[in-house]
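Chain by chain, the residues run as shown.
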Amino acid sequence: MEELKRIAAHHSTTFLSDGMLIGLGTGSTVRYAIDKISKLVTAGLDIVAVPTSIETEHRARAAGIPLAELNDRPIDITIDGADQVDPKLNLIKGGGGALLREKMVALASERVIIIVDKMKMVDHFSYALPVEVVPFGWKHTAKMIKKLDLNPCIRQNVITDNKNFILDCTYETLDDVEDLQVSLNNIPGVVENGLFINLVSEVVVGTPSGPKTIRSN
Ligand code: A5P
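Residues numbered from 1 in each chain as written. Predicted model: local features only at pLDDT ≥ 70, side-chain atom pairs only at ≥ 80, totals over all residues. Heavy atoms only, no water.

**Student:** Could you give me a rundown of the packing of aromatic side chains, with the residues and numbers involved?
**Tutor:** Applying the stated criterion across every chain yields a total of one aromatic pair. Seen from their ring centres, Trp-138 and Phe-165 are 6.3 Å apart, and the 80 degrees between their planes marks the pair as edge-to-face. With Trp-138 in helix α5 (residues 138-146) and Phe-165 in strand β9 (residues 165-170), this pair connects stretches of sequence that are 27 residues apart. Positioned over the ring face of Phe-196 is Lys-93, at 5.6 Å from the centre of the ring. Here Lys-103 stacks its cationic end above the ring of Phe-196, 5.2 Å away from the centre of that ring. (Phe/Tyr/Trp six-rings, centres within 6.5 Å; stacked < 30°, edge-to-face > 60°. Helix = DSSP H or I, 4+ residues; strand = E, 2+ residues; numbered from the N terminus. Lys NZ or Arg CZ within 6 Å of the ring centre and 35° of its normal.)

Right, here's the structure in full:
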C-alpha cells in the first residue's frame, strides 16, 4: 500500500513548474509528495507552498520547502490525499482532521490533484464522514446531525488545528451528497464537513502497474 501511495505522490509532482504557488495537503500519502518536492526544490525547482495543516507546515519547513499562508493570491496547483473517491471524483476527506484548511485551500486552487492508492477508489462511499464542529454545545450539534440520517461519534482526544472537535459520522448510504454538504453546513455549530464535491481536477491513482490519472469531465 505504501508503495502505491508513493507512486501516486511522485507522479503528482510532475505537474509542478517554476513560479507556482502550490497547496500542500495533509496525510500519509502527501508525505511522499513532500519528500519528493523537497528533492526537487534542492535541485532548483522554484515554488512556494501553502500548507493545509500544522503537521504539513512542520514537515515541509523541515524539508526546506518555502512556505506562505493562504491569502488572496490564487493557488496554481494543490496536491492532497483523500479517504475515498467516488466515480464522479467526489471525495471524503478529513481522516487526518485537516478538512477545513484542506477545503479552503482546494477552493482557492485553480487545479486540485488528489493522490490515492487504488483501494480508495469506490463505487459508493463507506468511510465515516468527518464533520468539524465547535466545542460549544457539540452534543447538541451531534443531535442535529443525526436528523440527517448520520450517526456522529466524537473523535477521542482530537482537537483540530482550528481548536475544534471532529465528529465521525457513519451511515447506511450517502445519497444526495450535494444536498447533504449544504444541510450539514447549515447547522449552527458545524464548521465544515469532509465532503469535497466538484472540487477535483485530477485523481492520480497508485496502482501496481504505475500511476493512473483520471480527469474530471
Ligand atoms: C486529512 O485530514 C485528510 O483529508 C487526508 O488527506 C486523508 O485522510 C488521506 O490521508 P492518507 O493519505 O493518510 O490516507
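**Student:** Describe the pairing of strand β13 (residues 210-215), listing the residues and the values that go with them.
**Tutor:** Pairing analysis gives six bridges linking strand β12 (residues 202-207) to β13, with the strands arranged antiparallel. Across the sheet, Glu-202 pairs through a bridge with Arg-215, a residue of β13. Counting the residues that bridge the hairpin from β12 to β13 gives two residues. (Pairing = 2+ DSSP bridges.)

**Student:** Got a sec to walk through the site of the ligand? Specific residues and values, please.
**Tutor:** Among the 16 residues in the neighbourhood of the ligand, the closest are listed as Ser-28, Thr-29, Asp-83, Glu-102 and Lys-120. Within the side chain of Ser-28, an N or O atom sits 2.5 Å from an oxygen atom of the ligand. Between an oxygen atom of the ligand and a side-chain N or O atom of Asp-83, the distance comes to 2.5 Å. Residues of the shell around the ligand, tallied by class, amount to two nonpolar, nine polar and five charged. (Near = heavy atom within 4 Å. Polar contact = N/O pair within 3.5 Å; in protein donor to acceptor, adjacent residues only side chain to side chain. Nonpolar A, V, L, I, M, F, W, Y, C, P; charged D, E, K, R; others polar.)

**Student:** Run through the pattern of salt bridges, naming residues and quoting values.
**Tutor:** Taken as a whole and assessed by the stated rule, the structure comprises ten salt bridges. A salt bridge links Lys-93 to Asp-80; the shortest N-O distance between them is 3.0 Å. Taken together, the residues span a long stretch of sequence, with Lys-93 in the loop between β5 (91-92) and α4 (99-107) and Asp-80 in strand β3 (residues 75-80) at a distance of 13 residues. Like Lys-93, the residue Asp-80 is buried in the burial classification. Arg-215 is the salt-bridge partner of Glu-202, the closest N and O atoms lying 3.3 Å from each other. Of the two residues, Glu-202 is situated in strand β12 and Arg-215 in strand β13; the sequence distance between them amounts to 13 residues. (Salt bridge = Lys/Arg side-chain N within 4 Å of Asp/Glu carboxyl O. Buried < 20%, exposed > 50% of the residue type's maximum accessible area, 1.4 Å probe, protein only.)

**Student:** Summarise the sheet that holds strand β10 (residues 190-193); cite the residues concerned and give the values.
**Tutor:** An order of β8-β9-β7-β10 is seen for the four strands of this open sheet, with the pairing classed as antiparallel. Since the sheet does not close on itself, it has two edges, and those belong to β8 (151-154) and β10, each with one partner. Taking each pair of neighbouring strands and ignoring which way they run, the sheet shows an average axis angle of 30 degrees. Relative to β9, strand β7 (residues 129-133) is paired through five bridges, and the arrangement is antiparallel. For Val-131, the partnering residue across the bridge sits in β9 and is Leu-167. Packed onto the sheet, α4 meets β7, β9 and β10 and runs at close to 65 degrees relative to β10. Along the sheet, helix α6 (residues 177-185) contacts β7 and β10; its crossing angle with β10, the most-contacted strand, is approximately 160 degrees. (Axes fitted to C-alpha atoms, helices over the stretch in contact; angles between N-to-C directions. Contact = heavy atoms within 4.5 Å.)

**Student:** Please give an account of the sheet that holds strand β4 (residues 84-85) that cites residues and values.
**Tutor:** Pairing in this open sheet of three strands is antiparallel, and the strands run β4-β5-β11 from one edge to the other. In the strand order of this sheet, the two ends are held by β4 and β11 (195-196), each with one partner. Across two bridges, the pairing between β5 and β11 is antiparallel. Looking across to β11, one finds that Leu-91 is bridged to Phe-196.

**Student:** Hey, could you go over the packing of helix α1 (residues 2-12) against helix α2 (residues 28-42) for me, with residue numbers and the actual values?
**Tutor:** Running from amino to carboxyl end, α1 crosses α2 at an angle of 50 degrees, the nearest separation of the two axes being 8 Å. Taken together, α1 and α2 sit at an angle that is classed as oblique. As for how α1 packs across α2, the hand of that crossing is right-handed. Only Ser-28, Thr-29, Tyr-32, Ala-33 and Lys-36 of α2 make contact with α1, whose side of the interface consists of Glu-2, Lys-5, Arg-6, Ala-9, His-10 and Ser-12. Across the contact of α1 with α2, the residue classes break down as three nonpolar, four polar and four charged. (Parallel < 35°, antiparallel > 145°, perpendicular 65-115°, else oblique. Left-handed = near helix turned anticlockwise from the far one by under 90°.)

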